[in-house]
Amino acid sequence: MAAIIAFVLFGIGVVALVLRRDLVIKLLALGLINAASILFLVSIGDRPGARAPIQLPGDLGIVADPLPQALVLSAIVVNFAILALALVFVMILVERYHTTDSIRIEQEMAREADDQETPCL
Amino acid sequence: MTRDRLRIIFAVGIIAAFVGLIGITYICSSPDPADSERYLARAVEETGASNRVAGIYLNYRLLDTLLEVLVFSVAVLGVRHYLQQSEGMKLPNLSESEVVQTAVNFLAPLALLLCTFFAVFGHISPGGGFAAGVIAASGLLYVAIAHGIQAMNAQLNPVRLALMEKVILLVLLAFVLAPAVAGRIPLTELLPTGTPGKLLSGGSILVYNILIAMKVFVGAWAVIAAFAQHRGEL
């Protein structure tokens, strides 16, 4: 069940990342994709009736697989790093072009490039 | 000029330490078919940490975790660098109402207490260095929202914090490389494993958790402070 939810969230994230023009929404979609991946990885370590992989004294019950949980930590930290850096780049673009619309930013950049190529005609 | 040179030496030192670490590990390690069943069956016994996840990422997969910490440091460095280059908006600084300030004065110490608990008991209960660092940084974020970022920066000097972050990274690297001085393979256990479930168990995991918590706390705060300073307020 959790895996299906993860795939749905991943799909929503990819669609939003490709189709939405707003850069901040694109970043949110990237965060959603990351959260979906984490949910998927943690869910594949689950077993029926399993508990958290922490050993208590005299406890021999079924526990979840700890390996995906340990690997997911890297995904969380890298996601934080990517989002923080990407947010800085978005802030710089917004300060320069006064919009978060990716297509308008591209148009402005193309216009600037044209202006530089044909000076004082 | 000398400061720039010092910085370059510092950066080259950190990069060289990481490259050396990867090289030594590659030469010394023998391939071992470690799968999750083995982790499940023997992780607690081999690492001494009741929390198997902590046992895996701070013992078997310590190199991954170190590179993760390096990625985090690079991100903090990038955020500070690029935000310093652009001008910023400089919004007027407004502090919150007295109700929010009183609530935050009560909540922030609790966040720091929770951070300490998660860092110190991360190897025997749910928690760990990364979570603890983020909790402490969010506690500080409450204070910055309530009392204003200027008041926070007066207490915590951002330049000194950035230096502290790098020093913690170096201490972490030194601790990882320390077994090499004793004639053993780096990344292997330096401290005794102890009895699982006791506070002083899990070998070096306790030390790593505390160091990573400090590192993540300082790094996350450096990012928040850089953003806040750039905008003028939170």
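Residues numbered from 1 in each chain as written. Chains lettered and ligands numbered in written order. Predicted model: local features only at pLDDT ≥ 70, side-chain atom pairs only at ≥ 80, totals over all residues.

1. Observations regarding the overall build of chain B
When its secondary structure is counted, chain B shows nine helices and zero strands. Shown N-terminal to C-terminal, the secondary structure of chain B runs as helices and strands in the order α-α-α-α-α-α-α-α-α. The buried share of chain B, taken over its 234 residues, is 38%. For chain B, restricting intrachain contacts to residue pairs at least 6 apart in sequence, the fraction spanning at least 24 positions comes to 77%. (Helix = DSSP H or I, 4+ residues; strand = E, 2+ residues; numbered from the N terminus. Buried ≥ 20, exposed ≤ 12 C-beta atoms within 10 Å, placed from the backbone. Contact = placed C-beta atoms within 7 Å.)

2. A short note on the overall build of chain A
The helix and strand inventory of chain A stands at four helices and zero strands. Beginning at the N terminus, the succession of helices and strands in chain A can be written as α-α-α-α. Put simply, 53% of the contacts in chain A that link residues at least 6 apart link residues at least 24 apart.

3. Some remarks on unusual backbone geometry
All names here are of chain A. A positive phi angle, near 55 degrees, is found at His-98, a position not held by glycine. Mapped onto the elements, His-98 comes out in the loop between helix H3 (66-97) and helix H4 (102-117). Looking at His-98, the number of C-beta atoms within 10 Å reads 10, which means it is exposed.

4. Examining the confidence of the model for chain A
Taken residue by residue, chain A gives an average pLDDT of 85. The fraction at 70 or more is 95%. Summarising per-element confidence for chain A, the mean pLDDT is lowest in helix H1 (residues 2-19) of chain A (86) and highest in helix H2 (residues 23-44) of chain A (90). (pLDDT = per-residue confidence, 0-100.)

5. Overview of the nonpolar core
Residue and element names in this part refer to chain B. Formed by 69 residues in total, the largest nonpolar core has its most connected members in Ala-137, Phe-217, Trp-221 and Ile-224. No other element matches helix H9 (residues 205-231), which puts 17 residues into this core. The contacts of Trp-221, once residues within four sequence positions are left out, are Ala-137, Leu-140 and Leu-161. (Core = buried A, V, L, I, M, F, W, Y, C linked by C-beta atoms within 7 Å.)

6. Overview of the packing of H3(A) against helix H3 (residues 52-60) of chain B
In contact at an axis separation of 9 Å, H3(A) and H3(B) are set at 55 degrees when each is read in the N-to-C sense. Between H3(A) and H3(B), the angle is such that the two are oblique. The handedness of the crossing between H3(A) and H3(B) is right-handed. Contacts from A:Pro66, A:Leu67, A:Gln69, A:Ala70 and A:Leu73 of H3(A) reach H3(B) at B:Arg52, B:Val53, B:Ile56 and B:Tyr57. In terms of residue class, the contact of H3(A) with H3(B) is made up of seven nonpolar, one polar and one charged. (Axes fitted to C-alpha atoms, helices over the stretch in contact; angles between N-to-C directions. Parallel < 35°, antiparallel > 145°, perpendicular 65-115°, else oblique. Left-handed = near helix turned anticlockwise from the far one by under 90°. Nonpolar A, V, L, I, M, F, W, Y, C, P; charged D, E, K, R; others polar.)

7. Concerning H2(A)
Residue and element names in this part refer to chain A. Taking 1.5 Å per residue as the helical rise, H2 with its 22 residues ought to reach 32 Å, and the 32 Å between its terminal C-alpha atoms agrees with that figure. Buried within H2 we find Leu-23, Lys-26, Ala-29 and Ala-36. Axial view of H2: buried residues confined to an arc of 125 degrees, hence all on one face. Of the surrounding elements, those touching the buried residues of H2 are H1, H3 and H4. (Expected span 1.5 Å × (residues − 1). Arc of directions from axis to C-beta.)

8. Topic: the environment of A:Leu39
All names here are of chain A. Counting through the fold element by element, Leu-39 comes out in helix H2. Leu-39 sits 64 residues away from Ile-103 along the chain, and the two C-alpha atoms are 32 Å apart. If near-sequence neighbours (up to four positions away) are discounted, Leu-39 is found in contact with Ala-2, Ile-5, Ala-6 and Leu-9.

9. Quick look at the confidence of the model for chain B
All names here are of chain B. Looking at chain B as a whole, its pLDDT mean stands at 81, while 89% of the residues score no less than 70. No element of chain B has a lower mean pLDDT than helix H2 (residues 36-47), which averages 72, and none a higher one than helix H5 (residues 98-120), which averages 89. Among the scores for the predicted complex, ipTM is 0.81 and pTM is 0.82.

10. Topic: the packing of helix H6 (residues 129-147) of chain B against H9(B)
Residues and elements named next belong to chain B. Running from N to C, H6 and H9 point in directions that differ by 35 degrees, and their axes come no closer than 7 Å. Handedness of the crossing formed by H6 with H9: right-handed. Along its contact with H6, which presents Gly-129, Phe-130, Ala-132, Gly-133, Val-134, Ala-136, Ala-137, Leu-140, Leu-141 and Ala-144, the element H9 presents Tyr-208, Asn-209, Ile-212, Ala-213, Lys-215, Val-216, Phe-217, Ala-220, Trp-221, Ile-224 and Ala-228. Residue classes in the contact of H6 with H9 are distributed as 17 nonpolar, three polar and one charged.

11. Notes on H3(B)
Burial analysis of H3(B) places eight of its nine residues in the buried class, the great majority of the element. Among all positions of H3(B), only B:Arg52, B:Val53, B:Ala54, B:Gly55, B:Ile56, B:Tyr57, B:Leu58 and B:Asn59 are buried.

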